[in-house]
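Single-letter residue listing:
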Amino acid sequence: VSAHYNHNPTSNDFAGITGAIAGVVGREIDDEDDDTDQAALEETFETRVVEHQQSPIDVRRSLADAQCFEYHQIRHKKGDFDVRDWLVKKQILPNKLRLEYPQVYNENKYSDGIGGPSADMPKGWGHQLPVTHIDLKMPSEHWFEGRQYAAEYQIYLIQDRDSQRGAPAISVLVDLHPYDYPNIRFQEMLNQFQVVWDSDMADCESMVRRRRRIMASLAVEDEEVLDLLERDGSWTDVLGEEDAKFEEDRSSLRRKAQDYDDDDVWDPWDEDIVTSNYFLGYEGSLTEPPCTEFLSWRVIDRPALISKSQLAQMKKLLFGHVDGKCRPTSNHYKGSVARPLQPFNSREMWQCSCRDYIGDDERDWYGRNRCWAGDEEIFHERTEDGLYWASKPPQPERVGVFDCGGVPGLMPPCCGKTYDPYHSCCSRGDC
């Protein structure tokens, strides 16, 4: 199936997909700082649902004229399942790289009942929602201010069947770092996909070698070949030695998932990946068949940054993958698996800023849940045209951190992050 499609979903599509992903969720969230008129909120949600609200779209601040009803940041939890865990499926699919998380619920073991990564989505969901899977696509499906990005990292959360809302999806656009520094947390994820790629390639090579052995065994029935073997008996011996060495190497590939040094659980919400608390939101759809219109998208307003070599690795993983039978798996078209942009169709879009909420860490030193009018420049910076507010790069000096004495391009002595102008300091929790 081509990644380039246009599909108008039916009501049966909607019923099928919502039934498939709806599931048990954790405890209800007690939002003490909720001061929004609930009746007005529900009325707004009804007006936001329009016909043919397909995704992806070109997200533009100039279109974000609806009210942001969110009153706190996306409060996320990384869960107990590391990306190296065999329960977390690493899949190289025809049009995406996917991390699929197990759905484990245990109210006795977990405070919110959820074992994997999850998030408390503000306004309208009322529960801690589990992450079902994370998709990585190249190039980006969503555009931002008329620009397509190198890749897109999409976090999908489960739909709450008791809610009147669709399922939330978080989009993080991925751009190249201006100084070509690698993203360490992003690399930890790519390492696991590399294990899958290497393993499948090894299985392919193993199949080729088996065929070579069969052909060699058939060839020895020929008298000329027998005469050759009498003169040089090392031919089949060398082939056997190569196969033994290859099988040893193939076994080591399956252990590569344990190779990186960080003993902590990999966090799909890490600040080097989900780089801002602020986003632009709209109601949309799945970006592949059945393209059902039940997703509530949140497009983070600052991209994650990776190096050129990391982008090249991602392209090789997706576009150059073969399965164990040596069959290419990618359905990319000219290096793209992104669905074409869809019409905006007069739907509503909203942008959240510090006037709606500020981050939980920032509330401690600012002393309020929202910023005062006139204080926007503390939390945001102006866009190039001067018309809109955008998230600032991380400012660690505001959250009680200290200089790690790093050197640009090298690992600081105690941080798990690459030192660059975006992370000039690190928190004590990183050391």
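What counts, and where the lines are drawn
Residues numbered from 1 in each chain as written. Predicted model: local features only at pLDDT ≥ 70, side-chain atom pairs only at ≥ 80, totals over all residues. Heavy atoms only, no water. Helix = DSSP H or I, 4+ residues; strand = E, 2+ residues; numbered from the N terminus. Buried < 20%, exposed > 50% of the residue type's maximum accessible area, 1.4 Å probe, protein only. Core = buried A, V, L, I, M, F, W, Y, C linked by side-chain atoms within 4.5 Å. Pairing = 2+ DSSP bridges.

Describing unusual backbone geometry
With an omega dihedral of 5°, the bond running from Ser55 to Pro56 counts as a cis peptide bond. As for its placement among the helices and strands, Pro56 is situated in the loop between α2 (38–48) and β1 (58–59). Here Met138 and Pro139 are connected by a cis peptide whose omega angle stands at -10°. Counting through the fold element by element, Pro139 comes out in the loop between β6 (128–137) and β7 (143–144). With a phi close to 60°, Asp180 is a non-glycine residue in the positive phi region. Here Asp180 shows up in the loop between β10 (167–176) and α3 (184–219). A relative accessible area of 37% places Asp180 in the partly exposed class. Residue Asn345 is not a glycine yet carries a positive backbone phi of 55°. Note that Asn345 resides in the loop between α6 (308–319) and β14 (349–351). Overall, Asn345 belongs to the partly exposed group, its relative accessible area being 36%.

What about the nonpolar core?
One finds Leu99, Tyr153, Ile155, Phe186 and Trp269 to be the most contacted residues of the largest nonpolar core, which totals 54 residues. Where this core is concerned, the elements lending two or more residues are β4 (96–100), β6, β9 (151–157), β10, α3, β13 (304–306) and α6. Ranked by size, the runner-up nonpolar core spans 17 residues in total, among them Tyr149, Ala169, Leu173 and Tyr282.

Section: the pairing of strand β12 (residues 295–300)
Most of β12 is tucked away, with six of its six residues classed as buried. The alternating pattern of β12 places Leu295, Trp297 and Val299 and Ser296, Arg298 and Ile300 on opposite faces, both of which are buried. Note: strand β11 (residues 279–284) against β12, six bridges, orientation antiparallel. From the neighbouring strand, Leu280 faces β12, where its bridge partner is Val299.

What to know about the pairing of β10
Among the ten residues of β10, nine are classified as buried, and the element is accordingly described as predominantly covered. Pairing geometry for β9 and β10, over six bridges, is antiparallel. The residue of β10 that forms the bridge with Glu152 is Leu173. In the sheet, β10 pairs with β12 via five bridges, with the strands oriented parallel. Bridged to Pro168 within β12 is Ser296. Looking at chain direction, β10 and β13 are connected through three bridges and run parallel. Each bridged residue has a counterpart across the sheet, and for Asp175 the counterpart in β13 is Leu305.

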